[in-house]
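Take a look at the letters that make up each chain.
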Amino acid sequence: MARRGKKKGRPVSGWVVLDKPVGMGSTEAVSKIKWLFQAEKAGHAGTLDPLASGMLPIALGEATKTVPYVQDGAKVYRFTVAWGEERSTDDLEGPVTNSSDRRPAEAEVRALLPKYTGVIMQTPPQFSAVKIAGERAYDLARDGETVDIPAREIEIGRLDIVEHGVDRTVFVVECGKGTYVRSLARDMGRDLGCFGHISELRRVEVEPFTADDFVTVAELEAARFGGKTDENSDEEAEVSVDFGAIDALLVETAAALDCLPQVAVSDDAATKIRLGNPVIIRGRDAPVEAEEACATARGKLVAIGAIEQGMFKPKRVFAG
């Protein structure tokens, strides 16, 4: 009996700005979304721990080419630090490694915030994806090894107290790429002499996306199956399913490139660009020079490229 070919999936493109629930891993979330959309390709723009909730931008199809721009964007987290215990994972998952009866006053915590604002040096957690001699730190930590992870430069735009209690403080932080919120809890706890760990973490923004772009798994399932659960779906009938409702929940691929200069081109120019050819940029508002810019035609993304001497030179093109 001849084997049936593996389904390739649909050539659907765009961003799913998922409101990831606690308990779901980032890889699991990508697989779920890829299956719901029956997409050819999918990937996420920055891991979110299973114990964390909130924004996990997932790129489908051509949007995967824009993942680096979202990964580099600023992120906003709301998080709770529980005082009195330091844990091996710097969150609720790991065992307690240090403890203290001391609890900080709000004034003490507030006085500490300037130290953690601006460009600072931060040491990632032992349980992190940082590579040490070719291996992930969390793999070494799970094997019982304590590794020396070098501190690195990060940037924190703002760090504010939302609420303060006897045993815990709620913060909001806006930070750049590479920041570990778990390390903030660990380091502030040590500075205050009381220890601390993350008891709750939610990512509320990943530039350029905001909470207005959020969509839940339940909303996607309802759109995909018209109110029926995925268990009731007929896999053999999926070819004839209308994906219009779920596709309407996608954010345009071009949204990820709001940080770049935009160049509107004609349909003819778009065809040339997609073939890898440079085109002359016309219009008084067109940028003169730019190391990176994106070209669009009729509002659809055509390519990422450079503008040199009045010409757009494509580096990465997108299917029409």
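This section reports on the structure supplied with the text. (Residues numbered from 1 in each chain as written. Predicted model: local features only at pLDDT ≥ 70, side-chain atom pairs only at ≥ 80, totals over all residues. Heavy atoms only, no water.)

As for the nonpolar core
In terms of nonpolar packing, the biggest core is built from 47 residues, with Val 16, Phe 37, Phe 79, Phe 171 and Met 188 touching the most fellow members. Per-element tally for this core: the top contributor is helix H1 (residues 26–37), with five residues. Excluding its chain neighbours within four sequence positions, the residues that come into contact with Phe 79 are Leu 159, Thr 169, Val 170, Phe 171, Val 173, Val 181, Leu 184, Met 188, Ile 198, Glu 200 and Leu 201. Counting 15 residues, the second-largest nonpolar core is a separate cluster that includes Val 263, Ala 269, Ala 297 and Val 302. (Core = buried A, V, L, I, M, F, W, Y, C linked by side-chain atoms within 4.5 Å. Buried < 20%, exposed > 50% of the residue type's maximum accessible area, 1.4 Å probe, protein only. Helix = DSSP H or I, 4+ residues; strand = E, 2+ residues; numbered from the N terminus. Contact = heavy atoms within 4.5 Å.)

Topic: the pattern of salt bridges
In this structure the tally under the stated criterion is 18 salt bridges. A salt bridge links Glu 86 to Arg 190, with the nearest nitrogen and oxygen atoms 2.7 Å apart. Pair noted here: Glu 86 is in strand S5 (residues 85–87) and Arg 190 is in helix H5 (residues 181–191), with a separation of 104 residues, a long-range link. The shortest N-O distance in the salt bridge between Glu 174 and Arg 158 comes to 3.3 Å. On the criterion of sequence distance, the pair formed by Glu 174 in strand S11 (residues 168–175) and Arg 158 in strand S10 (residues 152–164) is long-range, its members being 16 residues apart. Classification of Glu 174 by relative accessible area gives partly exposed; the value is 29%. Overall, Arg 158 belongs to the partly exposed group, its relative accessible area being 32%. One salt-bridge network, in which partners are shared between bridges, spans Arg 158, Asp 160 and Glu 174. (Salt bridge = Lys/Arg side-chain N within 4 Å of Asp/Glu carboxyl O.)

Looking at the side chain of Arg 224
Mapped onto the fold, Arg 224 is located in helix H6 (residues 217–225). For Arg 224, the side chain forms a polar contact with the main-chain oxygen of Leu 36, separated by 2.8 Å. (Polar contact = N/O pair within 3.5 Å; in protein donor to acceptor, adjacent residues only side chain to side chain.)

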